[in-house]
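Descriptive analysis of the structure
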Amino acid sequence: NAGVTQTPKFQVLKTGQSMTLQCAQDMNHNSMYWYRQDPGMGLRLIYYSASEGTTDKGEVPNGYNVSRLNKREFSLRLESAAPSQTSVYFCASSRAGNSYEQYFGPGTRLTVT
Amino acid sequence: GQSLEQPSEVTAVEGAIVQINCTYQTSGFYGLSWYQQHDGGAPTFLSYNGLDGLEETGRFSSFLSRSDSYGYLLLQELQMKDSASYFCAVRDRGYNKLIFGAGTRLAVHP
């Protein structure tokens, strides 16, 4: 099993460009999450999907949109990238009701110039 | 609102014991998780306390006191590979999500 996979691993964008970060899990988990991690600030929840067909805002949703494409896939879209969105983005998944034990992907390092 | 506090850095020597504390303030509380993250890597789950008391997993133990809004992670017989960042995270009344602390960077020296 690959666990949680994310693409791309690295990305450089210019201000105003758009892009979609992809995430997939093969553990048959119901819940999926998107976080950003900035130096010294831990992990901040952007959006999450408790189950297929539902999405909810986390702590820092502004500037992002998400799509729960199916049970396996959960994508994060930046419509108009800003330098403040330079960060490392992690996708995670968990079993339904077990948000305390999340499995993380390897992350995407995004730089917006 | 919600807030979690943990020390930013801790230093220890190989073979020693270290305790990383976490205090929290949340609007609701269902439990406290701990995660480990090596530099450049992804966070990995270590332990979870839903009830008061001590949970032991090998060299790692985690404790929770809900009345004190306090928990800690105890690492015994420290090894160089334990050098990493450790995050506490609360499962709040949203139930389906975690709120993470800023992390504690542990440096283990020979």
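Everything below is about the structure printed above this text.
Notes on the structure in this doc start here. Computed from a predicted model, the values in this text were never measured in an experiment.

The next point concerns the overall build of chain A. Secondary structure summary: chain A contains 0 helices and 11 strands in total. The order of helices and strands in chain A, counted from the N terminus, is β-β-β-β-β-β-β-β-β-β-β. For 113 residues, the compact-globule formula gives about 13 Å, and the C-alpha radius of gyration of chain A, at 13 Å, lands near that figure. Dimensions of chain A along its principal axes, counting C-alpha atoms only, are 40 × 25 × 25 Å. The proportion of buried residues among the 113 residues of chain A is 50%. Carbon and sulfur atoms make up 48% of the accessible area of chain A, which amounts to about 5,100 Å² in all.

With that out of the way, let us pick up the side chain of N49(B). Within the secondary structure, N49(B) sits in strand β5 (residues 44-49). Within the local environment of N49(B), its side chain forms a polar contact with the backbone oxygen of G53(B), the two atoms lying 3.2 Å apart.

Turning our attention to the pairing of strand β4 (residues 31-37) of chain A. All names here are of chain A. Of all 7 residues making up β4, 7 are buried, and the element is well covered by its neighbours. The alternating pattern of β4 places S31, Y33, Y35 and Q37 on one face and M32, W34 and R36 on the opposite face, and all of these are buried. Strand direction decides the pairing type here: β4 and strand β9 (residues 87-94), joined by 7 bridges, are antiparallel. Of the residues in β9, the one forming a bridge with Y35 is F90.

Below, the discussion takes up the sheet that holds strand β8 (residues 74-78) of chain A. Residue and element names in this part refer to chain A. The 4 strands lie next to each other as β1-β3-β8-β7, forming an open sheet whose pairing is antiparallel. Two strands close off the open sheet at either side, each with one partner strand: β1 (4-7) and β7 (64-68). Geometrically, the sheet is characterised by an average inter-axis angle of 20° between neighbouring strands, direction not taken into account. Across 4 bridges, β1 lies against strand β3 (residues 19-25) in antiparallel orientation.

Let's shift gears to the interface of chain B and chain A. Contacts between the two partners involve 19 residues from chain B, matched on the other side by 22 residues from chain A. Buried surface at the junction of chain B and chain A, both sides included, amounts to about 1,700 Å², of which 59% is carbon and sulfur. Among the residues of chain B in contact with chain A, N96(B), K97(B) and F100(B) are the three that bury the most area, contributing 30% of the side total. Seen at the junction of chain B and chain A, the total is 0 salt bridges. Across the contact surface, chain B and chain A share 6 residue pairs in polar contact (both at pLDDT 80 or more). At the level of elements, β4 (31-37), β5, β9 (84-91) and β10 (98-100) of chain B are the ones that each hand at least two residues to the side of chain B that touches chain A. In terms of residue class, the side of chain B that touches chain A is made up of 11 nonpolar, 6 polar and 2 charged.

Another aspect to go through is the state of the cysteines. Tallying each qualifying case throughout the model produces 2 disulfides over all chains. Two residues share a disulfide in this structure: C23(A) and C91(A), whose sulfurs sit 1.8 Å from each other. Looking along the S-S bond of the C23(A)-C91(A) disulfide, the torsion reads about -70°, which is the left-handed sense. Of this pair, C23(A) sits in strand β3 while C91(A) is found in strand β9, placing the two residues 68 residues apart along the sequence. C91(A) carries the same exposure label as C23(A), and that label is buried. Residue pairing for C22(B): its cysteine sulfur links by disulfide to C88(B), the two sulfurs lying 2.1 Å apart.

Analysis parameters
- Residues numbered from 1 in each chain as written.
- Chains lettered and ligands numbered in written order.
- Predicted model: local features only at pLDDT ≥ 70, side-chain atom pairs only at ≥ 80, totals over all residues.
- Heavy atoms only, no water.
- Helix = DSSP H or I, 4+ residues; strand = E, 2+ residues; numbered from the N terminus.
- Rg over C-alpha atoms; globule rule 2.2 N^0.38 Å.
- Buried < 20%, exposed > 50% of the residue type's maximum accessible area, 1.4 Å probe, protein only.
- Areas by Shrake-Rupley, 256 points an atom, 1.4 Å probe, with all protein chains shown as cover.
- Polar contact = N/O pair within 3.5 Å; in protein donor to acceptor, adjacent residues only side chain to side chain.
- Pairing = 2+ DSSP bridges.
- Axes fitted to C-alpha atoms, helices over the stretch in contact; angles between N-to-C directions.
- Contact = heavy atoms within 4.5 Å.
- Buried area = accessible area lost by both parts, 1.4 Å probe.
- Salt bridge = Lys/Arg side-chain N within 4 Å of Asp/Glu carboxyl O.
- Nonpolar A, V, L, I, M, F, W, Y, C, P; charged D, E, K, R; others polar.
- Disulfide = S-S within 2.5 Å.

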